[in-house]
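Listed below are the residues making up each chain.
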Amino acid sequence: MKNLSAKLPHSPKYSLIIPIYNEQETISELYHRVSQIMNDLNGQVELILINDGSKDRSLELIRQLHQEDSRICYLSFARNFGHQTAVTAGLNFARGEAIIVLDADLQDPPELIPEMIDKWKQGYEVVYAQRIKRKQEGWFKRFTAYAFYRLLQLLADVTIPADTGDFCLMDRKVVDILNVMPERNRYIRGLRAWIGFRQTAVLFEREPRYAGTVKYTFRKSFSLALNSLISFSRVPLRISTYLGLLSAILALFMAFLVLYWRLIQTNSPVTGLATIMIAIFFLGSVQLICLGILGEYIGRVYEEVKGRPLYTLAEIVGFEQSHATDS
Ligand code: UDP
Ligand code: MG
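Residues numbered from 1 in each chain as written. Chains lettered and ligands numbered in written order. Predicted model: local features only at pLDDT ≥ 70, side-chain atom pairs only at ≥ 80, totals over all residues. Heavy atoms only, no water.

### What about unusual backbone geometry?
Across the chain, the bulk of peptide bonds are trans and the bulk of non-glycine residues have phi less than zero. Notably, Leu106 is not glycine yet its phi reads approximately 65°, a positive angle. Look at Leu106 and you get buried, because its relative accessible area is 3%. Positive phi outside glycine occurs at Phe197, with the angle close to 65°. Mapped onto the secondary structure, Phe197 falls in the loop between α7 (188–195) and β7 (199–206). For Phe197, a relative accessible area of 42% translates into the label partly exposed. (Buried < 20%, exposed > 50% of the residue type's maximum accessible area, 1.4 Å probe, protein only. Helix = DSSP H or I, 4+ residues; strand = E, 2+ residues; numbered from the N terminus.)

Here it is as structure tokens:
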């Protein structure tokens, strides 16, 4: 997807990107809080809302907001493509020099944005928000998130800071690079870490969701976690090699044991059927696990070579005019 900024005489200084999936309960409060921040930014700002195939009244509400406030532009997907893809679309269309990504449910407090902008002005190209606390999230979510971020740090090729989400500010330079990265498996916080430049954190306590239910179901979270591991690490492939080696050593050891029982200790304790069954099951499962791991990688290669567009757009509204003032 081409960046539209080249066509415009004046681009806004800041772009805010918010993906929206069935958020009808939060949109008006979201607008209320975000617009206060936008007012403080002297009008040099655009707000890009991406409707990720919502099935509720979200799109209708977004259209209304666009009518009322010309700083708002929006994209609407032809179906649900997922959070990371929605953010990607926002980045493709953003025209600002500093681009800020946040969630629609107000778990990422917009009031943190001025602090991020301060850091950007100090020369940091990436300012990510790091959670020091998650308020009112269940123990299961807290535990799995904690364990996952540590595992990812252990296995990934790049250091992805723990407890960071997509809530961040990125400089135009970084977004331009993200936009030309062709991969479809877009684990944005990983790609962001991979790109480099000067990065820093601002700390915050994660609020509970303002309203509505979590849109990241367990399945979506699990798939995001698996994607990120596989996109940023080849360790799982190596694990299958190690498993193979381990079972070879085990087999050799057992062969010697059997020989010893047969030749030296003639009253052999080996009972035939059970041993064979265990060996077959053991080898069978090692092979299936390895095939599964391999399959995960090959499946992703297949996705990449198909080269389909990342998303399909039903509406692109508000990008014709620039929202910037001449100052
Ligand atoms: N979201 C999206 N598409 C999806 C799922 C979620 O655009 O398929 C958006 C959602 O509207 C919200 C953000 O992604 O703005 C984060 O979702 P949520 O708060 O449900 O997940 P959390 O990160 O809090 O677990
Ligand atoms: Mg949330």
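### Observations concerning the packing of helix α5 (residues 139–155) against helix α8 (residues 218–232)
Running from N to C, α5 and α8 cross one another at 10°; their axes reach a closest spacing of 10 Å. In this view, α5 runs roughly parallel relative to α8, as classed from their interaxial angle. Of the residues in α8, those touching α5 at Phe140, Phe148, Leu151, Leu152 and Leu155 are Phe218, Ala225, Ser228, Leu229 and Phe232. Per-class residue counts for the contact of α5 with α8 are nine nonpolar, one polar and no charged. (Axes fitted to C-alpha atoms, helices over the stretch in contact; angles between N-to-C directions. Parallel < 35°, antiparallel > 145°, perpendicular 65-115°, else oblique. Contact = heavy atoms within 4.5 Å. Nonpolar A, V, L, I, M, F, W, Y, C, P; charged D, E, K, R; others polar.)

### Comments concerning the coordination of the magnesium ion (ligand 2)
Summarising the metal site, the magnesium ion (ligand 2) is bound by the protein donors Asp105 (OD) and Gln107 (OE1), whose distances to it range over 1.9 to 2.0 Å. Comparing Asp105 with Gln107, the two get one shared label, buried. (Donors = N, O, S within 2.8 Å, 3.2 Å for Na, K, Ca; no water.)

### Some points on the site of ligand 1
In the vicinity of ligand 1 there are 19 residues, among which Glu23, Asp52, Asp105, Gln107 and Lys215 approach most closely. The contact in question runs from an oxygen atom of ligand 1 to an N or O atom on the backbone of Pro19, over 2.9 Å. Between ligand 1 and Gln107 there is a distance of 2.5 Å, counted from an oxygen atom to a side-chain nitrogen or oxygen. In isolation ligand 1 exposes 530 Å². Once the protein is present, 96% of that is buried. (Near = heavy atom within 4 Å. Polar contact = N/O pair within 3.5 Å; in protein donor to acceptor, adjacent residues only side chain to side chain. Areas by Shrake-Rupley, 256 points an atom, 1.4 Å probe, with all protein chains shown as cover.)

### Regarding helix α6 (residues 172–180)
Listed in full, the buried residues belonging to α6 are Arg172, Val174, Val175 and Leu178. End-on view of α6: buried residues confined to an arc of 155°, all on one side of the axis. With a side-chain oxygen lying 3.0 Å from the backbone nitrogen of Lys173, the N-terminal cap of α6 falls on Asp171. (Arc of directions from axis to C-beta.)

### Comments concerning the pattern of salt bridges
What the rule picks out here adds up to 14 salt bridges. Between Glu315 and Arg63 there is a salt bridge, with its nearest N and O atoms 2.6 Å apart. Of this pair, Glu315 sits in strand β8 (residues 313–317) while Arg63 sits in helix α2 (residues 58–68), and the two are 252 residues apart along the sequence. In this structure, Asp103 and Arg206 form a salt bridge, with 3.2 Å as the shortest nitrogen-oxygen distance. (Salt bridge = Lys/Arg side-chain N within 4 Å of Asp/Glu carboxyl O.)

### A closer look at the packing of aromatic side chains
Within a pair of aromatic rings, the relevant descriptors are the distance that separates the centres and the angle that separates the planes. What the rule picks out here adds up to seven aromatic pairs. Ring geometry for Phe167 versus Phe204: centroids 5.7 Å apart, planes at 85°, classification edge-to-face. Of this pair, Phe167 sits in strand β6 (residues 164–171) while Phe204 sits in strand β7; the two residues are 37 residues apart in sequence, bridging distant segments of the chain. Both residues of the pair, Phe167 and Phe204, count as buried. Through a chain of ring-to-ring contacts, three or more aromatic side chains come together here, namely Phe77, Phe81 and Tyr311. One Lys or Arg, Arg79, reaches over the ring of Phe81 and ends 3.9 Å from the middle of that ring. Sitting over the ring of Tyr146, Arg150 keeps its end group 4.0 Å from the ring centre. (Phe/Tyr/Trp six-rings, centres within 6.5 Å; stacked < 30°, edge-to-face > 60°. Lys NZ or Arg CZ within 6 Å of the ring centre and 35° of its normal.)

### Some remarks on a nonpolar patch on the surface
Residues Leu252, Phe256, Leu259, Tyr260, Leu263 and Ile264 make up a contiguous nonpolar surface patch of roughly 700 Å² in combined accessible area. Here Ile264 shows up in the loop between α9 (235–263) and α10 (272–306). (Patch = residues over 30% accessible without salt bridge, like charges linked within 9 Å, V, L, I, M, F, W, Y side chains within 5 Å.)

### Describing the pairing of strand β3 (residues 72–77)
Judged by how many residues are buried, β3 sits mostly within the fold: six of six residues are covered. When strand β2 (residues 45–51) meets β3, the two strands line up parallel, connected through five bridges. When the sheet's bridge partners are listed, Ile48 is paired in β3 with Cys73. Viewed along the sheet, the connection from β2 through α2 into β3 turns out right-handed. By the bridge criterion, four bridges tie β3 to β8 in an arrangement that is antiparallel. Bridging from a neighbouring strand, Leu75 pairs with Ile316 of β8. (Pairing = 2+ DSSP bridges. Right-handed = clockwise from strand over helix to strand, strands pointing away.)

### Regarding α2
Of all the residues in α2, the buried ones are Ser58, Leu59, Leu61, Ile62, Leu65 and His66. Down the axis of α2, the sector holding all buried residues measures 160°, keeping them to one side. Turned more than 90 degrees away from the buried face of α2 sit Gln67 and Glu68, all of them exposed. On its buried face, α2 sits against β1 (14–20), α1 (27–40), β2, β3 and β8.

### Focus: the environment of Ile37
Note that Ile37 resides in helix α1. Looking at Ile37, the relative accessible area reads 7%, which means it is buried. For the pair Ile37 and Val301, spaced 264 residues apart in sequence, the C-alpha to C-alpha distance is 42 Å. Those residues within four positions of Ile37 in sequence are excluded, and the remaining contacts are Pro110, Glu111, Ile113 and Pro114.

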